[in-house]
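Residue-level structural notes
The lines below spell out each chain.
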Amino acid sequence: MLSTVGHVGASMRDNRVMSNVSLPSLAMLSGVPLLPQSLSDGEEQLDRLQQVELTRSTCMSLWRAGAVLAWLEVVMGMPMYARACSENIKSGKVLLGLTDEDLELGLDISNPIHRRKLRLAIEDYRRAEGDQGLSKASEMDHHWVATSWLSDVGLSQYSQIFQSHLVDGRVLNSLTRRDLERFFNITDQFHQTSLLLAIQLLQMLSFDKEALQARRTKCEHQDRDPIVWTCHRVMKWVRDIDLKEFADNLQGKGVHGALMVLEPSFDTDAMAKVLEIPGNKHMLHRHLYEELKSLSAPHSDAEASDVNGSASNHTRGAEERTPTRRLVKSPLRFRASSHSAERSSCSSLPREARVQALPRTKASPVHTYTSVEITNV
């Protein structure tokens, strides 16, 4: 009897240990075939992973039904449409030919941003079949956008709505001011501008996350290259210039480096306003102006040309298309506060402190997928 109890106890301990081991590994370790049902589950998971890997190495036009389903569920993160997909889409060729109406009626996708996400992805894969490769935006999934990116922008309060719309890098690249208000219920114009300029920064770097992070790392402890600063880095800078009592006021405001550099109207008064520096603190306003002026000067010609060159490579396209206009210079315009007696002598910065930015109008889109037309959205 004691022997039997000891055997059962040992078996239970072994089961707890082995529960963390994958099914295929379990089979190899034990040398005993798994039960038919367990084998079926394990093979299904293994097959799903193999199908996902296949989608990364094979043209979409060659996909079979299993690859299409794995791509939708795992790569695109849209398992809620898996059943309709398995019933209606049996190959990558069919997937490549889907229209917005097909997605809405055939796959029952009522969310227009979800449909846009799929159409942009399909278009990206279509271009990839011409040996161009997938865009860097494809590496930005909706979890990264809703958490990391929005946090860096300083607008984490919109994380849930971005998550529900499954906004990935491709969708980010297509968003317009009208989209933000219509689909995301973002009515604050300052927040809209903050998001659009954060997207513009991604465009300037061709949506290369590694390049963006590399530049941010270089300036983490140096007051340089402010265009790539996150809102957290801006708050650190505010503390470093001895205005730490106002730094936390930037939380949830959407003040990041691209906004500071690319928005012409963002001057000393605007910065003082978001920091909530009292208007009667004249010397603090003057101090802020001098620090912003110092920050705006590029540390090297290469740094300035890097920003200028990146911006000049991008043109607009898609939904609210406007004629291409000549690029204009948008200065890092940190004028002195109206409370300062020396405002007239400090109203602009030297030419070398200016960077080139894309011209923007209030309702124009900020994205670069010029070959993709967004329709029926």
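Cut-offs and rules
- Residues numbered from 1 in each chain as written.
- Predicted model: local features only at pLDDT ≥ 70, side-chain atom pairs only at ≥ 80, totals over all residues.
- Heavy atoms only, no water.
- Helix = DSSP H or I, 4+ residues; strand = E, 2+ residues; numbered from the N terminus.
- Buried < 20%, exposed > 50% of the residue type's maximum accessible area, 1.4 Å probe, protein only.
- Contact = heavy atoms within 4.5 Å.
- Areas by Shrake-Rupley, 256 points an atom, 1.4 Å probe, with all protein chains shown as cover.
- Polar contact = N/O pair within 3.5 Å; in protein donor to acceptor, adjacent residues only side chain to side chain.
- Patch = residues over 30% accessible without salt bridge, like charges linked within 9 Å, V, L, I, M, F, W, Y side chains within 5 Å.
- Salt bridge = Lys/Arg side-chain N within 4 Å of Asp/Glu carboxyl O.
- Lys, Arg positive; Asp, Glu negative; His and termini not counted.
- Charge placed at Lys NZ, Arg CZ, Asp CG, Glu CD.
- Core = buried A, V, L, I, M, F, W, Y, C linked by side-chain atoms within 4.5 Å.
- Arc of directions from axis to C-beta.
- Phe/Tyr/Trp six-rings, centres within 6.5 Å; stacked < 30°, edge-to-face > 60°.
- Axes fitted to C-alpha atoms, helices over the stretch in contact; angles between N-to-C directions.
- Parallel < 35°, antiparallel > 145°, perpendicular 65-115°, else oblique.
- Left-handed = near helix turned anticlockwise from the far one by under 90°.
- Nonpolar A, V, L, I, M, F, W, Y, C, P; charged D, E, K, R; others polar.
- pLDDT = per-residue confidence, 0-100.

1. With respect to the overall build of the protein chain
If you tally the helices and strands in the protein chain, you get 20 helices and two strands. Per-residue burial for the protein chain yields a buried fraction of 46% across its 377 residues. Taking contacts inside the protein chain between residues at least 6 apart in sequence as the whole, the part at least 24 apart equals 68%. Carbon and sulfur atoms make up 52% of the accessible area of the protein chain, which amounts to about 19,100 Å² in all.

2. Quick look at the side chain of Ser174
Looking at the secondary structure, you find Ser174 in the loop between helix H11 (169-172) and helix H12 (177-182). Of the polar contacts made by the side chain of Ser174, one reaches the backbone oxygen of Val171; its length is 2.8 Å.

3. Some words on the environment of Gly92
Mapped onto the elements, Gly92 comes out in helix H6 (residues 92-96). Ignoring any residue separated from it by four or fewer positions in sequence, one finds Gly92 in contact with Met60, Ser61, Trp63 and Val68.

4. Some remarks on a negative patch on the surface
On the surface, Glu101, Asp102, Glu104 and Asp108 cluster together into a patch of negative charge. Its location among the elements puts Glu101 in helix H7 (residues 100-105). By relative accessible area, Glu101 is classed as exposed at 52%.

5. What about helix H4 (residues 65-75)?
All buried positions along H4 are accounted for by Ala67, Val68, Leu69, Ala70, Trp71 and Leu72. Downstream of H4 by one or two residues, Gly77 has phi in the positive range, about 65°.

6. Regarding the nonpolar core
The biggest cluster of nonpolar side chains holds 60 residues, and the ones touching the most others in it are Trp149, Phe162, Met271 and Leu288. Of the residues forming this core, the biggest block, eight residues, is contributed by helix H13 (residues 189-204). Beyond its immediate sequence surroundings of up to four residues, Phe162 is in contact with Val145, Ala146, Trp149, Leu150, Val167, Leu172, Leu175, Leu180, Phe184, Ile186 and Leu195. Ranked by size, the runner-up nonpolar core spans 25 residues in total, among them Met60, Ile89, Leu98 and Ile109.

7. Digging into helix H18 (residues 268-275)
Buried within H18 we find Thr268, Met271, Ala272, Val274 and Leu275. Along the axis of H18, the buried positions cluster into a sector of 165°, meaning they face one direction only. Phi turns positive one or two residues past the end of H18, at Glu276, with a value near 65°.

8. What about the pattern of salt bridges?
Oppositely charged side chains may form a pair once their charged atoms are brought near each other. One pass over the full model with this rule turns up 18 salt bridges. The shortest N-O distance in the salt bridge between Arg115 and Asp100 comes to 3.2 Å. In this pair, Arg115 sits in helix H8 (residues 112-132) while Asp100 sits in helix H7, placing the two residues 15 residues apart along the sequence. Take Arg115 and Asp100: they sit in the same class, and that class is buried. Residue Arg119 pairs with Asp100 through a salt bridge whose shortest N-O separation is 2.3 Å.

9. Quick look at the side chain of Thr193
Note on placement: Thr193 falls in helix H13. Residue class for Thr193 comes out buried when judged on its relative accessible area of 14%. Within the structure, Thr193 has its side chain in polar contact with the side chain of Arg177 (distance 3.1 Å).

10. Details of the packing of aromatic side chains
Inspection of every chain in the model, using the stated rule, returns seven aromatic pairs. Taken together, a centroid distance of 5.5 Å and an interplanar angle of 75° make the contact between Trp63 and Tyr125 edge-to-face. One end of the pair, Trp63, is in the loop between helix H3 (36-57) and H4; the other, Tyr125, is in helix H8, and 62 residues separate them in sequence. One exposure class covers both Trp63 and Tyr125, and it is buried.

11. What about the packing of H4 against H8?
At a minimum axis distance of 13 Å, the contact between H4 and H8 shows a crossing angle of 125°. When the axis of H4 is compared with that of H8, the two are oblique. Classified by chirality, the crossing of H8 by H4 is right-handed. Residue-level inspection shows Trp71, Leu72 and Val75 of H4 in contact with H8, the latter providing Leu118, Ala121, Ile122 and Tyr125. A class-by-class count of the residues in the contact of H4 with H8 yields seven nonpolar, no polar and no charged.

12. Examining the environment of Met271
Inspection of the secondary structure puts Met271 in helix H18. Overall, the relative accessible area of 0% leaves Met271 in the buried class. With 18 residues separating them along the chain, Met271 and Tyr289 place their C-alpha atoms 9.2 Å apart.

13. Quick word on the confidence of the model for the protein chain
When pLDDT is averaged along the protein chain, the result is 77, and 68% of the positions lie at 70 or above. Within the model, the stretch residues 1-39 combines pLDDT values under 50 with twelve contacts to residues more than four positions away or in other chains.

14. A closer look at unusual backbone geometry
Positioned with a positive phi, Asp108 is a non-glycine residue whose angle comes to about 60°. Residue position: Asp108 is located in the loop between H7 and H8. Overall, the relative accessible area of 60% leaves Asp108 in the exposed class.

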